[in-house]
Amino acid sequence: MQRNVTLDIMKGIGMVAVILGHTYTIPTHPYRNIFFSFHMPLFFILAGYFYKYDRDVKGELKKDFKRLVVPYILTASLFLVYDFIKACYYHDANCLVFGIISVLYGSGSLHSSIYLSDVPIVGPIWFLLALFWCKVVYNYLIVNNHYANYLVLGIAIAATLLDRYVINLPFSLLPGLSAMVFYVIGVIVKKYSVSWPLITLCIFCWIVSIMYSHIWMAQCHYGFYPIDVLGACGGTAFVYWISTIIRKTCFSHPLSWVGFHSLLILCIHSLDMNFNFCSKCNIPEIWYCQALFKVSFCVIFTIIATRLAFVRRMFGLSC
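The rules behind the values
Residues numbered from 1 in each chain as written. Predicted model: local features only at pLDDT ≥ 70, side-chain atom pairs only at ≥ 80, totals over all residues. Heavy atoms only, no water. Helix = DSSP H or I, 4+ residues; strand = E, 2+ residues; numbered from the N terminus. Rg over C-alpha atoms; globule rule 2.2 N^0.38 Å. Buried < 20%, exposed > 50% of the residue type's maximum accessible area, 1.4 Å probe, protein only. Contact = heavy atoms within 4.5 Å. Areas by Shrake-Rupley, 256 points an atom, 1.4 Å probe, with all protein chains shown as cover. Lys, Arg positive; Asp, Glu negative; His and termini not counted. Charge placed at Lys NZ, Arg CZ, Asp CG, Glu CD. Disulfide = S-S within 2.5 Å. Core = buried A, V, L, I, M, F, W, Y, C linked by side-chain atoms within 4.5 Å. Expected span 1.5 Å × (residues − 1). Patch = residues over 30% accessible without salt bridge, like charges linked within 9 Å, V, L, I, M, F, W, Y side chains within 5 Å. Salt bridge = Lys/Arg side-chain N within 4 Å of Asp/Glu carboxyl O. Phe/Tyr/Trp six-rings, centres within 6.5 Å; stacked < 30°, edge-to-face > 60°.

1. Let's talk about the overall build of the chain
For step 1, the next point in the chain: Helix and strand counts for the chain stand at 16 helices and two strands.
For step 2, the next point in the chain: For 319 residues, the compact-globule estimate of 2.2 N^0.38 gives 20 Å, and the chain sits close to it at 19 Å.
For step 3, the next point in the chain: Along the three orthogonal principal directions, the C-alpha set of the chain runs to about 60 × 45 × 45 Å.
For step 4, the next point in the chain: Going through the 319 residues of the chain one by one, you find that 51% of them count as buried.
For step 5, the next point in the chain: The long-range share in the chain, meaning contacts at least 24 apart out of those at least 6 apart in sequence, stands at 74%.
For step 6, the next point in the chain: Entry remark: accessible area of the chain is about 16300 Å², with carbon and sulfur atoms responsible for 70%.
For step 7, the next point in the chain: Between the averaged position of the 22 positive side-chain charges in the chain and that of its 12 negative side-chain charges there is a distance of 11 Å.

Structural data, given as structure tokens:
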């Protein structure tokens, strides 16, 4: 089946936004808000857009485990190798202990919850675990309950409140359940046409969210939930419109390439963040210098990694 280049470009823009959002020298507000307001929701919306109903829940679980959890395990293993080397070099076992806790717990960020809010974090690959739970739970609900789409909204809100105010559960379970609100939006968009007044409203909410609120999906943080959710949809719609324009330009191929390799790039970006190559390479603490370095690093090592057959199989890059 031929790939939808526009959607690959959308994922490419989303992946670049993830990297830029994690460039710590970028001014915090509202510039970083622009990236955080849509980049993670975009990926969950697109994942929902590609959802295919399958009554074989166990088969889907195995497929998603192989597609999402196995790359997590591989990337996390590289973290531990690095932490082991650091622990030996600096004679500090805490480096390795913290590393083991972070990869076993799978928390993407510090949380605001009462319990387990400050568990050592694993970084951007939290998304792989969260998407796994999101897909598995949604597929189970839709197969076993006729009102699953309504139930999903309740679960997403409950997970968001539980994570934010009570406890940060392991394996990014609650962020994954919280993200189901965006996943089901993707499912609905695939089934039904969306009116321009609704898109306009969402884009207006997106602007409001950027200026006056904040999303941090890894910690289930929403400044004002309804505005932020609608705003994320508006940001995604805007990226879709931009992508249809880019498709006709010379930027189409590089951005669609980034989108096609987005999961692999996410893992390589996580390695970059964990190893802090910007600091080790003495990159100036100017946001566009560091952003350019991070993007270049991810592209170069993705090209290298895709030359390995097992990497291509693991990330579904055979086509």
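Picking up where we left off.
2. Quick word on the state of the cysteines
For step 1, the next point in the chain: Within this structure, the stated rule accounts for zero disulfides.
For step 2, the next point in the chain: Just so you know, Cys205 is unpaired, no disulfide at all, and the nearest cysteine sulfur is the one on Cys202, 6.3 Å from it.
For step 3, the next point in the chain: The thiol of Cys298 is unpaired, and the distance to the nearest cysteine sulfur, on Cys278, comes to 10.0 Å.
For step 4, the next point in the chain: Relative accessible area serves as the criterion here: at 1%, Cys298 is assigned to the buried category.

3. Considerations on the nonpolar core
For step 1, the next point in the chain: Counting residues in each nonpolar core, the largest one holds 87 residues, and the members touching the most others are Phe44, Phe127, Leu128, Tyr138, Phe182 and Met217.
For step 2, the next point in the chain: Among the elements that line this core, the one with the most residues is helix α6 (residues 126–144), at 13 residues.
For step 3, the next point in the chain: In contact with Phe44, other than residues within four places in its own chain, are Trp126, Phe127, Ala130, Leu131, Cys134, Ala179, Phe182, Tyr183 and Met217.

4. As for the environment of Phe297
For step 1, the next point in the chain: Relative to the elements of secondary structure, Phe297 occurs in helix α15 (residues 287–305).
For step 2, the next point in the chain: As for Phe297 and Val194, which are separated by 103 residues in sequence, their C-alpha atoms are 38 Å apart.
For step 3, the next point in the chain: Aside from chain neighbours lying at most four places away, what touches Phe297 is Ile268, Asp272 and Phe277.

5. Here we look at α15
For step 1, the next point in the chain: For α15, built from 19 residues, the straight-helix expectation of 27 Å at 1.5 Å per residue is met to within 8% by its first-to-last C-alpha distance of 27 Å.
For step 2, the next point in the chain: Where α15 is buried, its residues touch α1 (5–21), α12 (252–260), α13 (262–275), α14 (277–280) and α16 (309–314).

6. Considerations on a nonpolar patch on the surface
For step 1, the next point in the chain: Side chains of Ile114, Tyr115, Leu116, Leu153, Ile157, Leu161, Leu162, Tyr165 and Val166 sit close together on the surface and give an oily, nonpolar patch of about 830 Å² of accessible area.
For step 2, the next point in the chain: Positionally, Tyr115 belongs in the loop between α5 (93–105) and α6.

7. Quick look at the pattern of salt bridges
Oppositely charged side chains can form a pair if their charged atoms are brought close together.
For step 1, the next point in the chain: Throughout the structure, instances matching the rule amount to five salt bridges.
For step 2, the next point in the chain: The shortest N-O distance in the salt bridge between Asp8 and Arg3 comes to 2.8 Å.
For step 3, the next point in the chain: The class for Arg3 is partly exposed, based on a relative accessible area of 38%.
For step 4, the next point in the chain: Bridged by salt links that share partners, the residues Arg3, Asp8 and Lys11 form one connected network.

8. Points about the packing of aromatic side chains
For step 1, the next point in the chain: By the definition in use, this model includes 21 aromatic pairs.
For step 2, the next point in the chain: Geometrically, the ring pair formed by Tyr89 and Tyr90 is edge-to-face, given 5.0 Å between the ring centres and 90° between the ring planes. Just as Tyr89 is exposed, Tyr90 falls in that class too.
For step 3, the next point in the chain: Ring geometry for Trp287 against Tyr288: centres 6.2 Å apart, planes inclined by 80°, an arrangement best described as edge-to-face.
For step 4, the next point in the chain: Its relative accessible area of 34% is what places Trp287 among the partly exposed residues.

9. A few points about the side chain of Thr6
For step 1, the next point in the chain: Note that Thr6 resides in helix α1.
For step 2, the next point in the chain: Given a relative accessible area of 6%, Thr6 falls into the buried group.
For step 3, the next point in the chain: When neighbours within four sequence positions are excluded, Thr6 is seen to be in contact with Tyr240, Ser243, Thr244 and Arg247.

10. A closer look at the side chain of Ser252
For step 1, the next point in the chain: With respect to the helices and strands, the residue Ser252 is situated in helix α12.
For step 2, the next point in the chain: Filtering out sequence-adjacent residues up to four positions away, Ser252 remains in contact with Val5, Ile9, Ile246 and Arg247.

11. A word on unusual backbone geometry
For step 1, the next point in the chain: One non-glycine residue, His91, lies in positive phi territory at about 55°.
For step 2, the next point in the chain: Here His91 lies in the loop between α4 (57–90) and α5.
For step 3, the next point in the chain: The phi dihedral of Ser172 falls on the positive side, at around 50°, and the residue is not glycine.
For step 4, the next point in the chain: Its place among the elements puts Ser172 in the loop between α7 (148–165) and α8 (173–178).

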